Amino acid sequence: MKLTRVTITDYGPYGGENPFNLQTTDDQPIVLFGGKNGTGKTSFFTAVQLCLHGQSAFGSRTSRSEYEDHLRDYLHESNGHQATEATITVEFEYGSFGSTDHYTVTRNWRDRGKSIVEDLTIKRNGSQLSDLEKDQWEDFLKELIPPGMSELFFFDGEKIQQLATAIENGDDFQDSLHSLLGLDLVDRLDTDLQIYLTNKLDESGHEDLAAEIEELEQEIEEYQDEQTQVEDRLADKTARLEEIETEIEQLERKLSQEGGGFAAKRDEHQERRAELNAMIESLEEDIRDLVRGSYPFALAPDLCTEVVDRLEMESKATAEITAQNRVVTELDELAVKDAIWDDLDVPADKSGDIIRTLQSELFDRLADDLPDEIHLAREFSERQRQEMYTIADRSLSEVPDELREITDELERATRERQEIEDKLSRAPEQSVLSPLIKEINELNEERGELKTEIEQHRERLEELENYIGRMKQERENKIDRYEDLDDVSDRADLAQDVRSVVQDYQDKLAQRKLERLESVLTDYYLALSNKSAFYDRVNIDPDEITIRIKTVGGEFKNQSQLSAGERQIFATAMLWALADISDRPLPFMIDTPLGRLDQEHRENLVRNFFPDASHQVLLFSTNTEITQEYYDILEEDIAAEYHLIYDEKMGQTHVEPGYFWSDGSDDMLHGNDIEIDTDHQVQLEGFNNE
């Protein structure tokens, strides 16, 4: 990888758009940034990391809100006005398998008050990535330039000081070295596997579950045994019921043949016969009453008719005689009443004659209709005649019909009684039927009991089927869980195997990296140390992860025994060595590199580290670090140089070509690239990612 251009817009002290041409050559790998404190060297340093890694640039534990707070702090502010938007564009060439692609990564932030909107754009050779979705672009960048790996290449004085301090403290150095070697990732993987394994083992419980399954199977077996027994009993009872029903059918058939049907109605017939006997007796008594009463007269209807006629005639005659006598009497009474005669113009001596004449005339007229003799009327009283008339008249008009109805009723009753008598005569004796009836009753009783038992057995079978079904389902569920646990166990075993492989890999990787680091670190430390003639080599204990420096006299000097300056040189050599063995050809970005170093160590870094640290080195320095003397040493290795000047009036950094003591080309600020032979560039050592 090689940076070709960085454009910073409204970020940190950089107001407006600030392009930086970073083209370098193999002979001129250094781009030098000069500026006093607060002019934007560190902002440029972080801008590149922020553009490439976004939120990850501030560490993996940085939250989104913390990230946005950092971004707001970096929004350019000048003369009381803070920008609401910032953009950083990083262009670089990335060699892979002999070819070079040009990437343009642009990250833009817009402050919306409550949140910051971030846009990421990636172009490859002028076109947006078409083989990846936008949400995959972040991962693509992380794959291209791992954030953890960039720590080895993008470091400042603070980073060197932290590592130097870790070297002094020993234990912290072991952790730092582990992290810088990339072994912390393997440690994390091992830890994750351990956590996974623990969780899976916690999910275990085979024995308890197996016991539960066995207990369920025993209960199911017991219920199934009971089910079989109940089914057998049900079959026996059902068979017996069929036998009994057959026996009952046969007995009832026999009972029918023996007259059981008649016998069954014996009591009913007997009761009816008694009713009929009473009815017949009553009817006969009625007949006798008729016979004793008017019935004999009915036997002589002509005589009765004559008597009736005679009685009617004599009654009429009697009434006429009575009327005749009354006329005579009335006339006699009229004859003596003077008032009647006074009103009439009749002489007094004639009234007697007139009365007598009238009496005689009326008497004669009434006497003409009287029978010659009236016997019945004279022999019987009026009541007796009335009774006689009633008897005779009823004998003629009612008695025959009454007698006919009673006789007919008597005949029907007598006929029915005869039929009852016939039925009773056909009914067998109870003594004959009793054994059959008793046996049938006993069988019916047994049949009823059997039906009850059969129903109970069926209900029990239904209960058992439900119990067994539920238990089988529960057993299946537990078996599934048991199989899952088997799967968990398999996965736990697999995780354990993977963990063993990871640990073995970790050991071998650490040993390999440490062996390589030991060799490379020795070369780089001796190249930077001012005691290269005293020290022979660096020795790394792969078990304890401790580093000692062996002197030419064969003695070992512990890293913690180094001076502060020596530890800073050692830390720089360490980062250089680690970057070298990372097999990731990235450019070095070094901010404020010389720190506490003495002049001799500074010169060593200037001469031996900066030009050779990588195929491209971005060097950020104050005028007290890369001095005129050191600048002269590096001048031939510098491809571009920028002087960062903070304009207090404008409240922003002004970028000029050149360094504190030199004037650079204006082409750098106007985006005119240095002619680069990319075909040659991909041949540079450490550039190609293969």
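Given the structure is predicted, the values throughout are model-derived calculations rather than measurements. (Residues numbered from 1 in each chain as written. Predicted model: local features only at pLDDT ≥ 70, side-chain atom pairs only at ≥ 80, totals over all residues. Heavy atoms only, no water.)

Peer 1: Which residues make up the overall build of the protein, and what values go with them?
Peer 2: The secondary structure content of the protein amounts to 22 helices and 17 strands. Burial statistics for the protein: of 690 residues in total, 39% are counted as buried. Long-range contacts, defined here as pairs at least 24 residues apart, represent 72% of the contacts in the protein between residues at least 6 apart. A total accessible area of about 37,900 Å² is found for the protein, and carbon and sulfur atoms account for 45% of it. (Helix = DSSP H or I, 4+ residues; strand = E, 2+ residues; numbered from the N terminus. Buried < 20%, exposed > 50% of the residue type's maximum accessible area, 1.4 Å probe, protein only. Contact = heavy atoms within 4.5 Å. Areas by Shrake-Rupley, 256 points an atom, 1.4 Å probe, with all protein chains shown as cover.)

Peer 1: How would you sum up the side chain of Arg107? Please name residues and give values.
Peer 2: Following the sequence through the fold, Arg107 ends up in strand S7 (residues 99–111). Engagement of the side chain of Arg107 in a polar contact is seen with the backbone oxygen of Leu50, the distance being 3.2 Å. (Polar contact = N/O pair within 3.5 Å; in protein donor to acceptor, adjacent residues only side chain to side chain.)

Peer 1: How would you summarise the sheet that holds S7 if you had to cite specific residues and measurements?
Peer 2: Spatial ordering of the open sheet is given by S2-S1-S6-S7-S8-S9, a layout of six strands whose pairing is antiparallel. Both outer strands of the open sheet, strand S2 (14–21) and strand S9 (127–128), are each paired with one neighbouring strand and no more. Helix-sheet contacts for helix H1 (residues 41–53) involve strand S1 (2–11), S2, strand S6 (85–96) and S7, and the interaxial angle to S1 is about 105°. With respect to the sheet, helix H3 (residues 137–144) is in contact with S6, S7, strand S8 (116–124) and S9, its orientation differing from that of S8 by roughly 60°. (Pairing = 2+ DSSP bridges. Axes fitted to C-alpha atoms, helices over the stretch in contact; angles between N-to-C directions.)

Peer 1: Could you give me a rundown of the packing of aromatic side chains, with the residues and numbers involved?
Peer 2: For the coordinates displayed, the defined rule picks out 24 aromatic pairs. Ring plane angle 80° and centroid distance 5.2 Å describe the contact between Phe20 and Tyr642, whose orientation is recorded as edge-to-face. Of the two residues, Phe20 is situated in strand S2 and Tyr642 in strand S16 (residues 638–647); the sequence distance between them amounts to 622 residues. Using a relative accessible area of 0% as the deciding quantity, one classes Phe20 as buried. Measuring from centroid to centroid gives 4.8 Å for Trp576 and Phe609, while their planes differ by 70°, and the two rings are edge-to-face. With Trp576 in helix H19 (residues 564–581) and Phe609 in helix H20 (residues 599–609), this residue pair connects regions lying 33 residues apart in the sequence. The residues Trp576 and Phe609 share a single accessibility class, namely buried. Connected via pairs of aromatic rings, a cluster forms that spans Tyr14, Phe20, Phe33, Phe44, Phe45, Phe620 and Tyr642. In this arrangement the basic side chain of Arg548 is found over the ring face of Phe556, its NZ or CZ atom lying 4.2 Å from the centre. (Phe/Tyr/Trp six-rings, centres within 6.5 Å; stacked < 30°, edge-to-face > 60°. Lys NZ or Arg CZ within 6 Å of the ring centre and 35° of its normal.)

Peer 1: Tell me about the packing of H19 against H20, and please be specific about residues and values.
Peer 2: With their axes 11 Å apart at the nearest point, H19 and H20 run at an angle of 15° to one another. Relative to H20, the element H19 is oriented roughly parallel. H19 and H20 meet at a crossing whose hand is right-handed. Note on element contacts: H20 touches H19 through His601, Leu605, Asn608 and Phe609, opposite Glu566, Ile569, Thr572 and Trp576. Split into classes, the residues belonging to the contact of H19 with H20 amount to four nonpolar, three polar and one charged. (Parallel < 35°, antiparallel > 145°, perpendicular 65-115°, else oblique. Left-handed = near helix turned anticlockwise from the far one by under 90°. Nonpolar A, V, L, I, M, F, W, Y, C, P; charged D, E, K, R; others polar.)

Peer 1: Account for the sheet that holds strand S12 (residues 546–551), with residues named and values stated.
Peer 2: Spatial strand order, S11-S12-S13: three strands in an open sheet with antiparallel pairing. Both edges of this open sheet fall to strand S11 (535–541) and strand S13 (556–558), since each of them pairs with a single strand only. Each strand axis lies, on average, 30° off the axis of its neighbour in the sheet, ignoring direction. Where S12 and S13 come together, three bridges link them in antiparallel fashion. Within S13, the residue paired with Ile549 across the bridge is Lys557. The strands touched by H19 within the sheet are S11, S12 and S13, with S12 carrying the most contacts at an inclination of about 110°.

Peer 1: So what's going on with a negative patch on the surface? Residues and values would help.
Peer 2: A contiguous patch of negative charge, built from Glu231, Asp232, Asp236, Glu455, Glu459, Glu462 and Glu465, is present on the exposed surface. Residue assignment for the negative patch shows that the elements contributing at least two residues are helix H8 (206–257) and helix H18 (430–528). Considering every element that reaches the negative patch, the biggest residue donor is H18, with four residues. Take Glu231: it is sitting in helix H8. For Glu231, a relative accessible area of 37% corresponds to the partly exposed category. (Patch = residues over 30% accessible without salt bridge, like charges linked within 9 Å, V, L, I, M, F, W, Y side chains within 5 Å. Salt bridge = Lys/Arg side-chain N within 4 Å of Asp/Glu carboxyl O. Lys, Arg positive; Asp, Glu negative; His and termini not counted. Charge placed at Lys NZ, Arg CZ, Asp CG, Glu CD.)

Peer 1: Would you mind going over helix H2 (residues 64–74) in detail, with residue names and values included?
Peer 2: Within H2, the full set of buried residues consists of Tyr67, Glu68 and Leu71. On an axial view of H2, the arc spanned by its buried residues comes to 95°, and they lie on one face. Close packing links the buried residues of H2 with H1, S7 and S8. (Arc of directions from axis to C-beta.)

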